[in-house]
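# Inside the fold
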There are 2 protein chains.
Amino acid sequence: MLNTQTILQQLSDQGFKKTKVRELLIGELLKLKKPLDAQALQDFLSDQKLAVNKTTVYRELQFLLERGIIVEINFGDNKRRYEIAGLAHHHHLICNNCQGVEDVFVDQDLVKLEKKIAKEKNFAIHSHSLEFFGLCRHCL
Amino acid sequence: MLNTQTILQQLSDQGFKKTKVRELLIGELLKLKKPLDAQALQDFLSDQKLAVNKTTVYRELQFLLERGIIVEINFGDNKRRYEIAGLAHHHHLICNNCQGVEDVFVDQDLVKLEKKIAKEKNFAIHSHSLEFFGLCRHCL
DNA sequence: AATAATACGCAACTCAATTGCGTTTGTCAA
DNA sequence: TTGACAAACGCAATTGAGTTGCGTATTATT
Ligand SMILES: [Mn+2]
Ligand SMILES: [Mn+2]
Ligand SMILES: [Zn+2]
Ligand SMILES: [Zn+2]
């Protein structure tokens, strides 16, 4: 269920603790529903008057990733970003000017494309990454 | 023109020197026509009995990138790869097992998709990154 | 309150990539 | 052929994202 308390409870049932860091990070990722990097999340915690060490942020992200609560997204700038899991499969429009991120759903098209490629190339596609770069409506 | 001597001559005309490192790197990227990282290229030079400092490799890659002779490719593993520029626009099938790379051409499909998205989202798409991950025919 | 596992802070470390700076080399022209 | 100068190079130090070891603190359970 896409709700902070439900996720916290599920983790608690598995023997993991309900911590303020965990609660705030999940809450923020659920709310913004867009990819955020470790630095942005640490800054967010700081704004919430919960200054924590970067190691704690990285470990928590690793923890949430391993349990499928978040997914890793790469914009190709050698910096890992994380998004809440469970959203409908989608991709991103990334503005080169304001760094804004918009979601875009192209699932149907991609599924067909993947099948075609898999058949032609005899390659079992497990996943793909597709991101678009350019200028958003505001920056045009 | 996709030929080492031609590229070297063009650079020379712009006041840059013809060096052994430059010649070998361009030659290798032209020959393999696939994305290679800095380490792989340094190892290649070493094999050719031309051991150079990694700084030289990074600087040369930066140099070739800025002049549009190579392009940067990202597989999402936080490691930059470079491919010779001027190849027909294409994407990659990356094997999660043997790390092999195959080219795949999906241009027509993507052009249509881009136009549709640009219109719907009012977003000017300048570029995109699309890579497929899975298992190649040998690793299946 | 005692216990044990989870979570955390801190310092050191890894790995890719970059920078400063002094030295070498390629090129061109005297 | 030789100077001169910019381009190229080596080396050490540095950056920046991310990780690891280890000792301490916190949470949950009894
Ligand atoms: Mn998204
Ligand atoms: Mn390619
Ligand atoms: Zn914008
Ligand atoms: Zn393979």
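Everything here concerns the structure above.
All of the points below concern the structure found in this document.

Scoring rules and cut-offs
- Residue numbers run consecutively from 1 along every chain, following the written order of its sequence.
- Whichever chain is written first becomes A and whichever ligand is written first becomes 1, with later ones labelled in order.
- Under the rules for a predicted model, residues below a pLDDT of 70 receive no local features and side-chain atom pairs below 80 are neither given nor counted, while totals for whole chains, interfaces and linings still include all residues.
- Side-chain numbers here rest on the full set of heavy atoms in the structure, without hydrogens or water.
- A contact between two residues is defined here by any heavy atoms of the two lying within 4.5 Å.
- Here the quantity called buried area is the accessible surface, traced with a 1.4 Å probe, that two parts lose on coming together, added over both.
- Within this document, salt bridges are pairs made up of a side-chain nitrogen of Lys or Arg and a carboxyl oxygen of Asp or Glu, the two lying within 4 Å of each other.
- Any N or O atom pair separated by 3.5 Å or less is treated as a polar contact, with the protein-specific requirement of one donor-capable and one acceptor-capable atom, and with residues adjacent in sequence counted only for side-chain atom pairs.
- Helical segments are the DSSP runs of H or I of at least four residues, strand segments are the runs of E of at least two, and each set is numbered from the N terminus.
- Amino acids are sorted into nonpolar (Ala, Val, Leu, Ile, Met, Phe, Trp, Tyr, Cys and Pro), charged (Asp, Glu, Lys and Arg) and polar (every other residue, Gly among them).
- For two strands to be treated as a pair, DSSP must find at least two bridges joining them.
- The copies were overlaid with a least-squares fit restricted to C-alpha atoms from residues scoring a pLDDT of at least 70 in each copy.
- Counted as donors are the N, O and S atoms within 2.8 Å of the metal, or 3.2 Å for Na, K and Ca, while water is not among the atoms, so some sites may look incomplete.
- Think of it this way: one heavy atom of a residue within 4 Å of a molecule or strand is enough to make that residue near it.
- Geometry is summarised by axes, namely lines fitted to C-alpha atoms with helices restricted to the contacting stretch, and by angles between N-to-C directions that run from 0 to 180 degrees.
- To sort the angles, those under 35 degrees are grouped as roughly parallel, those over 145 as roughly antiparallel, those from 65 to 115 as roughly perpendicular, and the leftovers as oblique.
- Helix crossings are classified by the rotation of the near helix relative to the far one: an anticlockwise turn of less than a right angle makes the crossing left-handed, while a clockwise turn makes it right-handed.
- Helix span is expected to be 1.5 Å times the residue number reduced by one.
- Only protein chains enter the accessibility calculation, which uses a 1.4 Å probe; a residue whose area is less than 20% of its type maximum is buried, one above 50% is exposed, and one in between is partly exposed.

### Observations concerning the interface of chain A and chain B
Contacts between chain A and chain B engage 37 residues on the former and 38 residues on the latter. Here chain A packs against chain B, burying approximately 3,200 Å² in sum over the two surfaces, 60% of which is carbon and sulfur. For the interface between chain A and chain B, the tally reads 0 salt bridges. Here chain A is connected to chain B by 15 residue pairs in polar contact (both at pLDDT 80 or more). Within the residue set of the side of chain A that touches chain B, elements represented by two or more residues are β4 (91–95), β5 (101–104), α5 (107–121) and β6 (124–135) of chain A. Here the residues of the side of chain A that touches chain B sort into 17 nonpolar, 10 polar and 10 charged. As paired strands, β6(A) and strand β6 (residues 124–135) of chain B are joined by 11 bridges and run antiparallel to one another. Along β6(B), the bridge assignment pairs A:Ala124 with B:Leu135.

### A word on the relation of the copies chain A and chain B
Of the transformation placing chain A onto chain B, the axial shift is 0.0 Å and the rotation is 179°, giving an RMSD of 0.2 Å. In symmetry terms, the pair is related by a two-fold rotation axis.

### Considering the coordination of the manganese ion (ligand 1)
Residues and elements named next belong to chain A. Within the protein, the manganese ion (ligand 1) binds to Glu83 (OE), His90 (NE2), His92 (NE2) and Asp103 (OD); these donor distances fall in the range 1.9 to 2.4 Å. Counting gaps between the donor residues of the manganese ion (ligand 1) yields the pattern E-x6-H-x1-H-x10-D. Separated by 20 residues along the polypeptide, Glu83 in strand β3 (residues 80–84) and Asp103 in strand β5 bring together distant segments of the chain.

### Overview of the protein's contact with DNA strand C
Contacts to DNA strand C come from 23 residues, most closely from A:Lys17, A:Arg22, A:Thr56, A:Arg59 and B:Arg80. Counting only the atoms of DNA strand C within 4 Å of the protein, the fraction contributed by sugar and phosphate is 56%. Separating a base oxygen of DNA strand C from a side-chain N or O atom of A:Lys17 is a distance of 2.7 Å. Between DNA strand C and B:Tyr58 there is a distance of 2.9 Å, counted from a phosphate oxygen to a side-chain nitrogen or oxygen. Only α2 (20–32) and α4 (54–66) of chain A together with α4 (54–66) of chain B provide two or more residues apiece to the surface near DNA strand C.

### Details of the packing of helix α1 (residues 4–13) of chain A against α2(A)
All names here are of chain A. Here α1 crosses α2 at 135°, and the two axes come no closer than 9 Å. As the angle between them shows, α1 and α2 are arranged oblique. In the crossing of α1 with α2, the sense of the turn from one axis to the other is right-handed. Contacts from Thr4, Gln5, Ile7, Leu8 and Leu11 in α1 reach Arg22, Glu23, Ile26, Gly27 and Leu30 in α2. Of the residues contributing to the contact of α1 with α2, the split by class is 5 nonpolar, 3 polar and 2 charged.

### A short note on the sheet that holds strand β3 (residues 80–84) of chain B
Residue and element names in this part refer to chain B. One open sheet accounts for 3 strands, arranged β1-β3-β2; its pairing is antiparallel. Edge positions in the open sheet fall to β1 (36–37) and β2 (70–74), since each of these has one partner strand only. By the bridge criterion, 5 bridges tie β2 to β3 in an arrangement that is antiparallel. The residue of β3 that forms the bridge with Ile73 is Arg81. Relative to the sheet, α4 contacts β2 and β3, its axis offset from that of β2 by approximately 110°.

### Side note on helix α2 (residues 20–32) of chain B
Residue and element names in this part refer to chain B. The first and last C-alpha atoms of α2 sit 18 Å apart over 13 residues, in line with the 18 Å expected at 1.5 Å per residue. For α2, the set of buried residues is Val21, Arg22, Leu24, Leu25, Ile26, Glu28, Leu29 and Leu30. At its buried positions, α2 is contacted by α1 (4–13), β1, α3 (38–47), α4, β2 and β3. Just past α2, the residue Lys33 takes up positive phi, approximately 50°.

Without other data, these values stay purely geometric and don't point to any function.
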